[in-house]
Amino acid sequence: MLPTRADFPEGFLFGAATSAYQIEGHAQGGAGRTHWDDFAATPGNVANAENGDLACDHLHRWQEDLDLLAGANLDVYRFSTSWARVMPEGRGPVNAAGLDFYDRLVDGLLARGIRPALTLYHWELPSALADLGGWRNRDIAGWFADFAEVVARRLGDRLWSAAPINEPWCVAWLSHFLGHHAPGLRDIRATARAMHHVLLAHGRAIQALRAAGVGNLGAVFNFERAFPADDSPEAARAAATFDAFYNRWFISGIFRREYPAEALAGLGPHMPPGWEDDFDTIAQPLDWCGANYYTCKRIAPAPGPWPALAEVAGPLPRTDMGWEIHPEGLGFFLRRMHRDYTGDLPLYVTENGMAAPDRIAAGGIRDEDRIAYLAAHLGEVAKAAAEGVPVRGYFCWSLLDNFEWAFGYGKRFGLVHVDFATLKRTPKASYHALARALAR
Ligand code: IFM
């Protein structure tokens, strides 16, 4: 059973999240090419050689999708704008049809009584900017601020909230160190530069949004609880290193104007010149802070150069992504954010959810495992709120089954099932459970 509104403080908001490239259908509507198109076109990068060309065709089916949000009794919708849909080359000319689309989307939300929560960048970097070095190039901070200003001028008067960048760890580490996401690099110098420039771009975008009169500005980080794989001091050190470059680097840069020593131990020699002087820009005041949370990791020491660690299997039940289910980790991070970084700032769980191999059957889509996952994590949020952690809202990932990046369309996170052959939407049992729990 899902908790209901009565289990949360007055005014607590419930939402669902999506992102542009994962649902829109990026080959349509005059959008420019992105590094995800290039990554997906390279053999071996994405399961079944899938891509975001059509995705859920949200570009044409957005009204039906907004009706689904309203039908679930949700208060707020976290969506993203594609940089290349708005500015196909990343700089210069604007694609009017792209901005018009987001304009209609925002009006469509407001018409349904749903608050629009904007993320400016959820990973689809215009290829023209990737050609210039993408996140490795310090100039990206200025290019991104210009994009932020264009969007702010058009949508800013009607947004409930805005955040510049979804999950900076994925933008920087997952994409430049692990090579799992576009641009698929495995290069520590590129990583160090991206780790810093993503925060510089965040700071410049916050300045641009605020100058354009947009309020309720925040930042969204992803966190994974890092457990040492055993009781040895070596495992403890490895887990602390993982925690530093994954969980603490970005929030610490913004809220403490410093990077964790355990991460600088490896990245320090590869940082861009003058990085220490950028914290005035990076540490712009914010109005809220968001946590995306899914799982925990077990970290063991490993031979080789820094960070000299490896992830090993843990004992908990797993989702279809192979991710251990550890709801207590969400409570851990909400408490840690409040205590160590954000103080009284409102916190939001900006993403949480699970992939499951959902199938349509005679009795509908019986995703009881997802209902249990959401219930357990919402329970942790309610507990933290009752302790006085200022958590003010929760967004489920995701409204729709969608393009799960390198996993293609095989991993289903949606409250609503999408048949990718017909694009038919079918609400799952979790959708109906949420709608009941949130009914007023
Ligand atoms: O699908 C992603 C999303 O784009 C960012 N956060 C995690 C989700 C699940 O992997």
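None of these values were measured; they are calculated from a predicted model.

Engineer: How should the overall build of the protein be read in this particular structure?
Structural biologist: In terms of regular secondary structure, the protein is built from 15 helices and eleven strands. Across its three principal directions, the C-alpha atoms of the protein cover 55 × 55 × 45 Å. The 440 residues of the protein split such that 62% are buried. When the accessible area of the protein is evaluated, it comes to approximately 15800 Å², of which 51% is carbon and sulfur surface. In the protein, the 42 positive side-chain charges and the 52 negative ones have mean positions that sit 1 Å from each other.

Engineer: In this structure, what is going on with empty space enclosed by the protein? I would like to understand it.
Structural biologist: If you roll a probe as big as a water molecule over the atoms, it shows you where there is empty space left. Counted under the stated rule, the structure contains six cavities of 30 Å³ or more. Roughly 60 Å³ of internal volume is contained in the largest cavity. Elements with a minimum of two residues in the lining of the largest cavity: strand 3 (115–121), strand 4 (161–165) and strand 8 (347–351). If one sorts the elements of the lining of the largest cavity by residue count, strand 3 sits on top with three residues. Split into classes, the residues belonging to the lining of the largest cavity amount to eight nonpolar, three polar and one charged.

Engineer: Where do I start with the nonpolar core in this structure?
Structural biologist: Taken as a class, soluble globular proteins show a tendency for nonpolar side chains to be buried jointly. Formed by 154 residues in total, the largest nonpolar core has its most connected members in Trp-83 and Trp-135. In this structure Trp-83 touches Gly-90, Tyr-121, Glu-124, Leu-125, Pro-126, Leu-129, Ile-140, Trp-143, Phe-144 and Phe-147, once residues within four positions along its chain are discounted.

Engineer: Please clarify how the layout of surface pockets should be interpreted in this entry.
Structural biologist: Considering only enclosed or pocket space, the largest pocket measures out at about 900 Å³ in volume. Considering the residues around the largest pocket, the lining is formed by 46 residues, among which Trp-169, Leu-174, Glu-224, Lys-297 and Trp-323 are closest to the centre. Those elements giving two or more residues to the lining of the largest pocket turn out to be helix 8 (168–176), strand 5 (218–228), helix 10 (233–256), strand 6 (288–301) and strand 7 (309–312). Ranked by the residues each element gives to the lining of the largest pocket, the list is headed by strand 6, at seven residues. Tallied by class, the residues present in the lining of the largest pocket amount to 27 nonpolar, ten polar and nine charged.

Engineer: Teacher, can you tell me more about the environment of Met-337 here?
Structural biologist: Relative to the helices and strands, Met-337 resides in helix 13 (residues 328–342). According to the relative accessible area criterion, Met-337 is buried, its value standing at 1%. For the pair Met-337 and Cys-289, spaced 48 residues apart in sequence, the C-alpha to C-alpha distance is 8.6 Å. Aside from chain neighbours lying at most four places away, what touches Met-337 is Phe-223, Ile-251, Cys-289, Gly-290, Ala-291, Thr-342, Gly-343 and Leu-347.

Engineer: Would you mind going over the site of the ligand with me for this structure?
Structural biologist: Contacts to the ligand come from Gln-22, His-122, Trp-123, Asn-166, Glu-167, Tyr-294, Trp-323, Glu-351, Trp-397, Glu-404, Trp-405 and Phe-413. With respect to the ligand, the side chain of Gln-22 contributes an N or O atom lying 2.7 Å from an oxygen atom. The separation between an oxygen atom of the ligand and a polar side-chain atom of Glu-404 is 2.6 Å. Notes on the ligand: free accessible area 280 Å², of which the protein chains cover 95%. A breakdown of the residues in the shell around the ligand according to their chemical character gives six nonpolar, three polar and three charged.

Engineer: I tried to follow helix 13 on my own but got confused; where do I start?
Structural biologist: Turn by turn, an α-helix covers 3.6 residues, leaving residues three or four places apart pointing in a common direction. Taking 1.5 Å of rise per residue, 15 residues should cover 21 Å, and helix 13 covers 20 Å from first to last C-alpha, within 8% of that figure. The sharpest bend along helix 13 measures roughly 25° and falls at Arg-336. Among the residues of helix 13, Gly-329, Leu-330, Gly-331, Phe-333, Leu-334, Arg-336, Met-337, Tyr-341 and Thr-342 are the ones counted as buried. For helix 13, the elements touching its buried residues are strand 5, helix 10, strand 6, strand 8, helix 14 (368–386) and strand 9 (391–397). Of the residues flanking the end of helix 13, it is Gly-343, one or two places downstream, whose phi is positive at about 55°.

Engineer: Would you take a moment to explain the packing of aromatic side chains for this structure?
Structural biologist: The way to describe two aromatic rings as a pair is by their centre distance and the angle between their planes. Across all of its chains, the model carries 41 aromatic pairs by this definition. Between Tyr-21 and Trp-405, the ring centres sit 6.0 Å apart and the planes meet at 10°, which makes this aromatic pair stacked. Residue Tyr-21 is located in helix 1 (residues 20–23), and its partner Trp-405 is located in the loop between strand 9 and strand 10 (416–418); the two are separated by 384 residues in the primary sequence. Since its relative accessible area comes to 0%, Tyr-21 is described here as buried. A residue is classified by how much of its surface remains accessible, and Trp-405, at 3% relative accessible area, is buried. One residue, Arg-225, lies across the ring of Phe-332, its end atom 3.7 Å from the ring centre.

Rules behind the numbers
Residues numbered from 1 in each chain as written. Predicted model: local features only at pLDDT ≥ 70, side-chain atom pairs only at ≥ 80, totals over all residues. Heavy atoms only, no water. Helix = DSSP H or I, 4+ residues; strand = E, 2+ residues; numbered from the N terminus. Buried < 20%, exposed > 50% of the residue type's maximum accessible area, 1.4 Å probe, protein only. Areas by Shrake-Rupley, 256 points an atom, 1.4 Å probe, with all protein chains shown as cover. Lys, Arg positive; Asp, Glu negative; His and termini not counted. Charge placed at Lys NZ, Arg CZ, Asp CG, Glu CD. 1 Å grid on protein atoms, 1.4 Å probe; cavity = no way out; pocket = protein on both sides within 12 Å on 5 of 7 lines; lining within 4 Å. Points joined across faces, edges and corners; volume = space filled by probe spheres on them. Nonpolar A, V, L, I, M, F, W, Y, C, P; charged D, E, K, R; others polar. Core = buried A, V, L, I, M, F, W, Y, C linked by side-chain atoms within 4.5 Å. Contact = heavy atoms within 4.5 Å. Near = heavy atom within 4 Å. Polar contact = N/O pair within 3.5 Å; in protein donor to acceptor, adjacent residues only side chain to side chain. Expected span 1.5 Å × (residues − 1). Bend = angle between axes of the 7 residues up to and from the residue. Phe/Tyr/Trp six-rings, centres within 6.5 Å; stacked < 30°, edge-to-face > 60°. Lys NZ or Arg CZ within 6 Å of the ring centre and 35° of its normal.

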